[in-house]
Amino acid sequence: MQDAETLWADFATPIRGAEDYIASLRGRNLNVYFMGERVAEPVDHPVIRPSINAMAETFRLATEQPNLATAHSSISGQKVNRFLHVPAAPGDLVGKHEMQRELGRRTGTCFQRCVGLDAISSCHSVTFDVDAKAGTIYHQRFLAFLKRAQAANVVIGGAMTDPKGDRSKPPHQQSDKDLFLHVTRRDGNGIYVSGAKMHQTGAVNSHWLIFMPTMRMTESDRDWSVVGAVRVDAPGLTYIVGRQTNDTRIMDGGAMDAGNAQFAGQEALIVFENVFVPYEHVFLDGEWAYASSLVERFTTYHRSSYVCKTGLGDVLIGAAATAADYNGVEGASHVKDKLVEMTHLNETIYSSCMAAAHQSKPVASGAYINDEMLSNVAKHNVTRFPYEIARLAQDIAGGLVVTMPSEKDLQNNEVGPLIRKFLQGRDGVEVVDRMRMLRLIENMTIGRNAVGYLTESLHGAGSPQAQRIQIARGMKIEEKKARARHLAGIAKPLD
Ligand code: SF4
Ligand code: FE
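Since the structure is predicted, the reported quantities are computational estimates derived from the model, not experimental observations.

Engineer: Looking at this model, I keep getting lost on the overall build of the protein chain. Mind explaining?
Structural biologist: Scanning the protein chain from terminus to terminus reveals 19 helices and 14 strands. The C-alpha radius of gyration of the protein chain comes to 24 Å, within 12% of the 23 Å expected for a compact globule of 495 residues. Principal axes of the C-alpha set define a box for the protein chain whose edges measure 75 × 75 × 50 Å. In the protein chain, which comprises 495 residues, the proportion classed as buried is 56%. Accessible surface computed for the protein chain: about 20,700 Å², of which carbon and sulfur atoms make up 52%. Within the protein chain, the 55 negative side-chain charges are centred at a point lying 4 Å from the centre of the 54 positive side-chain charges.

Engineer: Help me understand the pairing of strand S9 (residues 226-231), please; the structure alone is not making it clear to me.
Structural biologist: On any regular strand, side chains alternate: one points to one face of the sheet, the next to the other face. Within S9, 6 of the 6 residues are buried, leaving the element largely enclosed by the surrounding structure. Judged by which residues are buried, S9 turns out to be covered on both faces: Val226, Gly228 and Val230 on one side and Val227, Ala229 and Arg231 on the other are all buried. In this sheet, S9 lies alongside strand S8 (residues 208-211) in antiparallel orientation, the contact comprising 4 bridges. In the sheet register, Ile210 faces S9, and the bridge partner there is Ala229.

Engineer: Teacher, can you tell me more about empty space enclosed by the protein here?
Structural biologist: Gaps left between atoms are located by rolling a probe of water-molecule size over the structure's atoms. Summed over all chains, the structure comprises 7 cavities of 30 Å³ or more. Considering only enclosed or pocket space, the largest cavity measures out at about 100 Å³ in volume. Along the walls of the largest cavity sit Cys110, Phe111, Gln112, Cys114, Val115, Thr201, His302, Ser305, Tyr306, Cys308, Lys309 and Glu456, which together make up its complete lining. Elements with a minimum of two residues in the lining of the largest cavity: helix H6 (114-134), helix H8 (291-305) and helix H9 (308-327). Taken together, the residues of the lining of the largest cavity sort by class into 6 nonpolar, 4 polar and 2 charged. Estimates place the volume of the second largest cavity at around 80 Å³. The wall of the second largest cavity is formed by Pro50, Asn246, Asp247, Arg249, Ile250, Ala258, Asn260, Phe263, Ala264, Asn443, Arg448 and Asn449. The residue makeup of the lining of the second largest cavity, split by class, is 5 nonpolar, 4 polar and 3 charged. Shared between two domains, the lining of the second largest cavity takes at least three residues from each, and those domains are domain 1 (4-290) and domain 2 (304-485).

Engineer: How do you make sense of the coordination of the iron ion (ligand 2) when you look at a structure like this?
Structural biologist: Summarising the metal site, the iron ion (ligand 2) is bound by the protein donors Tyr306 (OH) and Glu456 (OE), whose distances to it range over 2.5 Å. Here Tyr306, found in the loop between H8 and H9, pairs with Glu456, found in helix H17 (residues 450-459); they are 150 residues apart in sequence, far enough to count as distant. Glu456 shares its class with Tyr306; the two are buried.

Engineer: Where do I start with the layout of surface pockets in this structure?
Structural biologist: The space that makes up the largest pocket amounts to roughly 1,400 Å³. Where the lining of the largest pocket is concerned, the elements lending two or more residues are strand S7 (190-201), strand S11 (267-278), H8, H17 and helix H18 (464-474). Counting residues per element, the lining of the largest pocket draws most heavily on H8, at 7 residues. Its residues placed into classes, the lining of the largest pocket shows 16 nonpolar, 19 polar and 12 charged. Shared between two domains, the lining of the largest pocket takes at least three residues from each, and those domains are domain 1 (4-290) and domain 2 (304-485). Its boundaries defined by the atoms lining it, the second largest pocket holds a volume of some 320 Å³. Class assignment of the residues belonging to the lining of the second largest pocket gives a composition of 7 nonpolar, 7 polar and 2 charged.

Engineer: What is the right way to read the environment of Val335 from this model?
Structural biologist: Mapped onto the fold, Val335 is located in helix H10 (residues 333-358). Of the residues examined, Val335 reaches a relative accessible area of 2% and is grouped as buried. On a C-alpha basis, the gap between Val335 and Pro235 in space is 55 Å, while along the polypeptide they are 100 residues apart. Those residues in contact with Val335, other than ones at most four positions away along the chain, are Ala324, Val329 and Ile396.

Cut-off values and rules
- Residues numbered from 1 in each chain as written.
- Chains lettered and ligands numbered in written order.
- Predicted model: local features only at pLDDT ≥ 70, side-chain atom pairs only at ≥ 80, totals over all residues.
- Heavy atoms only, no water.
- Helix = DSSP H or I, 4+ residues; strand = E, 2+ residues; numbered from the N terminus.
- Rg over C-alpha atoms; globule rule 2.2 N^0.38 Å.
- Buried < 20%, exposed > 50% of the residue type's maximum accessible area, 1.4 Å probe, protein only.
- Areas by Shrake-Rupley, 256 points an atom, 1.4 Å probe, with all protein chains shown as cover.
- Lys, Arg positive; Asp, Glu negative; His and termini not counted.
- Charge placed at Lys NZ, Arg CZ, Asp CG, Glu CD.
- Pairing = 2+ DSSP bridges.
- 1 Å grid on protein atoms, 1.4 Å probe; cavity = no way out; pocket = protein on both sides within 12 Å on 5 of 7 lines; lining within 4 Å.
- Points joined across faces, edges and corners; volume = space filled by probe spheres on them.
- Nonpolar A, V, L, I, M, F, W, Y, C, P; charged D, E, K, R; others polar.
- Domains from an automatic or database assignment.
- Donors = N, O, S within 2.8 Å, 3.2 Å for Na, K, Ca; no water.
- Contact = heavy atoms within 4.5 Å.

Nothing here speaks to function; it is geometry throughout.
Written out as structure tokens, the structure is:
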């Protein structure tokens, strides 16, 4: 049982850049499992390291382009990494989305840090609302936590998705109470929580986790209506890192077959077993009626955050165009047309995300939040368009994207020369470059980073049906019918 002061003592020196960030992850003795084994040091694990590299780019960008990746926080009065900045004007959300696109371009994968930003942004306003209604002190606790996080420049992970068990039942009716994260006991110093959070982006690469309810709660779900922050190395936490397509190719030797050897995403199952949270880090405890607004605000922020995929789209469009160059078909009209189609789809995602930022509105706490309808439309676009962009990339690349020999064959004295002879494209193109580009397309469309580019685009921040429900709620169909009747000269609506 440690108080907030003690828990923050290790973060007295702020993280200053990418290398500093990577060093800060070492020696934490986390309880991490991957492929049936405990991982002694995630930083040195070849499959986990690319995801750490991707997160590290959020620090590198802040150093290289401070206008893009830092902001002035009125909470601490400091210049802070934009991933720790609660949006206080539409320009903050516009800047956030520009930064996310750039990071997508730099890494070609999920750089993982947006979940924490969207968690702090939504906790900021919901704690404010609860205090205004109930006279609690959650908001000031939250601000104290956030000031410390900003000063230390730590990575905050947002943990929302519970396992949910039987989807037809609320938390208190589940046969196993742990299927939703809940309070197991309270004492004079804080609370203890048990349960799990599923597919948590960048969990092992974070310093702190904010856990939040995953859905609307009922009065009987008070113990499940809990929000708080824990250190990633808190006793009682176990991380089981998810398997990703072709993730172990990086261990085969050589860097080519991985497609993108440097960067990858990370998703983990986090298990909480009676994890202690001091009251200073408890931001909601029992206020079940606010769970739904927390979830709605988080998803509104996070659905627009999927602008990240336009950065990946930029990379994939570039890869497809380069593959066409290497094949000598860059001038073919159907290739040009496919590249235009890919760009149109990519920029359509971008336009809806940016519109959701420009049309953002303030809430009572003073934080700005993306326009809800446009954010849902943006994310709904993301559930579809990357699949079509990926299909067109494979179309342009050709079947070799899935039939190509390995890097080891290329290096083999017997068959290597045969590969160099028969995989030759246009004169002057190195065979190895052609193979590298095709491997990148494979990586993003069916390999490790297709996890982030495709399936995460489908289900992250809510599956397609979740957006359709929100779109249906906000579509104002009666108002639209009235406008149509007016123009058609029909005076009365149907009874
Ligand atoms: Fe950020 Fe995109 Fe990854 Fe979500 S999927 S954490 S929005 S990079
Ligand atoms: Fe996500």
